[in-house]
Amino acid sequence: MTAGANTGEPVGMQTNEPKKIVSDVQSCFALAMVKMELDLHSSYLTALSGGADSSALALLTQHYANAVGKRHLAVIVDHGLRDQSYTEARRVQDQMRSHGVTSDIISIDGPWPRSGLQEWARLRRYQALMSVARDRQAVILFAHHAGDQAETIAMRLLKGSGLVGLAGIPSTRIQHGITISRPLLGWSHDQLLRVCCHFGYSFEDDPSNKDRQFERVRIRQLLAHLVHRGEGPSSDQLRRLGLISAKLSKAATTANERPLEEALKWHSAGYATIVMKHLTNLPKFRFALLMRRLVMSISGSRYAPSGASIDELRNRIDAGLSATIGGCHFSPVPSLKGRAGSDRKKPLNYFLFRETGRHLSKMPVGAGDEVVFAGCWLIKSQQNQQRAIHLVAMVNG
């Protein structure tokens with residue numbers, strides 16, 4: 001189970017709706033899978049928490065997989081952070097089995113961190129899903145829906161995010177060779193409730209969805225209040241903003257491909273060399289977009305550096321100075337002749353490598369495991385390995 005989720009009792013929903021409704025819902029889902037080119041994959045993995053959204057996704061994916069002859073597995077991650085969490089996980093598993101959905105429960109062992117528990121739980125769940133998906137060569141499916149997308153865009157608006165942030169949650173992306181997709185971004189939460197109803201499925205109620213200590217809950221209630229008063233923005237308006245932002249961001253990323261190819265050379269040891277003369281004339285937005293991509297690739301960070309940090313980075317690069325940003329270090333390549341006279345105005349070449357810090361990041365790797373370590377290293381352990389491998393990386397403090 002996701003940390004803090006599914007602390008309530010199952011919510012039973014009965015229906016006498018005709019079978020045609022179920023058939024229509026399945027057809028809509030199949031069309032979404034084709035539009036997103038997910039029909040080209042042979043195996044699917046649903047991230048299942050037990051709530052209405054992920055339950056609807058698991059049910060729809062199973063019926064789709066059965067119809068087209070593909071494999072499907074739902075995965076429940078139990079962090080053991082609450083009493084009875086494993087009992088709840090088994091209850092969800094049994095419910096899914098009665099509807100023809102095979103599911104696995106992955107229990108996450110401690111020790112638990114003293115702070116940042118929610119983030120720790122989210123990362124461990126993500127790592128577990130990625131490991132299973134890699135082993136099964138499967139696409140990971142998450143149940144984010146239209147309401148989640150609108151809330152995400154609203155939160156980023158309030159934080160002053162730029163174009164990339166306003167694009168919201170991507171429908172599909174590839175991370176460490178694994179396709180991660182969200183086929184329900186065009187569906188509302190109410191529609192997913194009806195899916196569970198049509199299938200006669202009793203999902204778990206999650207009280208945290210009403211807990212105002214969480215930012216997303218406060219934003220959800222704020223948006224509902226504004227819409228009720230006719231002051232907007234509506235969910236559809238926020239989603240349209242996200243679609244426009246995503247298209248503009250994609251166009252800029254495509255335009256960056258050629259200068260990036262000319263400027264960048266990757267090295268097998270995990271660092272890169274960049275020839276800055278190919279990037280000096282890029283407009284501010286495209287330069288920032290490109291640098292965020294590089295920094296996150298090398299540092300393994302999930303968060304992009306701020307616009308102010310990127311501006312400071314460009315100033316230091318223009319001055320031929322070293323810089324550290326987002327866990328990535330930019331170091332000027334030494335010149336044998338130095339930079340005297342007019343050479344001082346010429347852009348330098350730079351080494352880009354992961355910054356080392358004061359604190360250790362640790363991860364045990366068991367026999368036969370295949371994991372992503374420190375956000376950027378794919379580690380494979382042989383099946384006949386006698387002892388677990390313990391990896392340690394220096395990360396930012």
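The structure we're discussing is the one just above.
Since the structure is predicted, the reported quantities are computational estimates derived from the model, not experimental observations. (Residues numbered from 1 in each chain as written. Predicted model: local features only at pLDDT ≥ 70, side-chain atom pairs only at ≥ 80, totals over all residues. Heavy atoms only, no water.)

A. Highlighting helix α8 (residues 215-228). With 14 residues, α8 should cover 20 Å at 1.5 Å per step; its first-to-last C-alpha distance of 20 Å lies within 8% of that length. For α8, every residue scored as buried is listed here: V217, I219, L223 and L226. Contacts made by the buried residues of α8 are with α5 (146-158) and α9 (235-263). Once α8 ends, the next one or two residues include G230, with phi positive near 75°. (Helix = DSSP H or I, 4+ residues; strand = E, 2+ residues; numbered from the N terminus. Expected span 1.5 Å × (residues − 1). Buried < 20%, exposed > 50% of the residue type's maximum accessible area, 1.4 Å probe, protein only. Contact = heavy atoms within 4.5 Å.)

B. Here's a closer look at the side chain of T152. Its place among the elements puts T152 in helix α5. Looking at T152, the relative accessible area reads 5%, which means it is buried. Reaching out from T152, the side chain makes a polar contact with the side chain of R216 at a distance of 2.9 Å. If we ignore the near neighbours within four places in the chain, the residues touching T152 are G168, I169 and R216. (Polar contact = N/O pair within 3.5 Å; in protein donor to acceptor, adjacent residues only side chain to side chain.)

C. Focus on the sheet that holds strand β7 (residues 178-181). Pairing within the open sheet is mixed, and its six strands lie in the order β4-β3-β2-β5-β7-β6. Pairing within the sheet leaves two strands with one partner each, and these edge strands are β4 (103-107) and β6 (172-175). Adjacent strand axes in the sheet meet at a mean angle of 25° when their direction is disregarded. Sheet contacts for helix α2 (residues 52-68): β2 (43-47), β3 (71-78) and β5 (139-141); angle to β2, the most-contacted strand, approximately 165°. (Pairing = 2+ DSSP bridges. Axes fitted to C-alpha atoms, helices over the stretch in contact; angles between N-to-C directions.)

D. Structural context of the packing of aromatic side chains. Within this structure, the stated rule accounts for six aromatic pairs. Ring geometry for F29 against W187: centres 6.5 Å apart, planes inclined by 75°, an arrangement best described as edge-to-face. With F29 in helix α1 (residues 19-35) and W187 in the loop between β7 and α7 (189-198), the pair connects residues that are 158 residues apart, well separated along the chain. For W187, a relative accessible area of 11% puts it in the buried group. Plain terms: the ring middles of F330 and Y350 are 6.5 Å apart, the flat faces sit at 65° to each other, and that makes the pair edge-to-face. One end of the pair, F330, is in strand β12 (residues 328-332); the other, Y350, is in strand β13 (residues 349-354), with 20 residues separating them in the sequence. Taking the relative accessible area as the measure of exposure, Y350 reaches 0% and is therefore buried. Aromatic rings pair up to connect F29, Y44, Y64 and W187 into one cluster. (Phe/Tyr/Trp six-rings, centres within 6.5 Å; stacked < 30°, edge-to-face > 60°.)

E. Representation of the side chain of S249 within the structure. With respect to the helices and strands, S249 occurs in helix α9. Residue S249 is classed as buried on the basis of its relative accessible area of 9%. If near-sequence neighbours (up to four positions away) are discounted, S249 is found in contact with L163, V164 and L289.

F. Geometry of the pattern of salt bridges. Under the definition given, this model contains ten salt bridges. Among the ionic pairs, E215 bridges to K159, the shortest N-O distance being 3.5 Å. Taken as a pair, E215 in helix α8 and K159 in the loop between α5 and α6 (163-166) lie far apart in primary sequence, 56 residues in all. Residue classification places E215 among the partly exposed residues on the basis of a relative accessible area of 31%. We note a salt bridge from R239 to D236, for which the minimum N-O separation is 3.3 Å. Of this pair, R239 and D236 both sit in helix α9, separated by three residues, roughly a single helical turn. A relative accessible area of 43% places D236 in the partly exposed class. Salt bridges sharing common partners tie together E151, R216 and R220. (Salt bridge = Lys/Arg side-chain N within 4 Å of Asp/Glu carboxyl O.)

It is worth stressing that arrangement in space is one thing and function is another; only the former is reported here.
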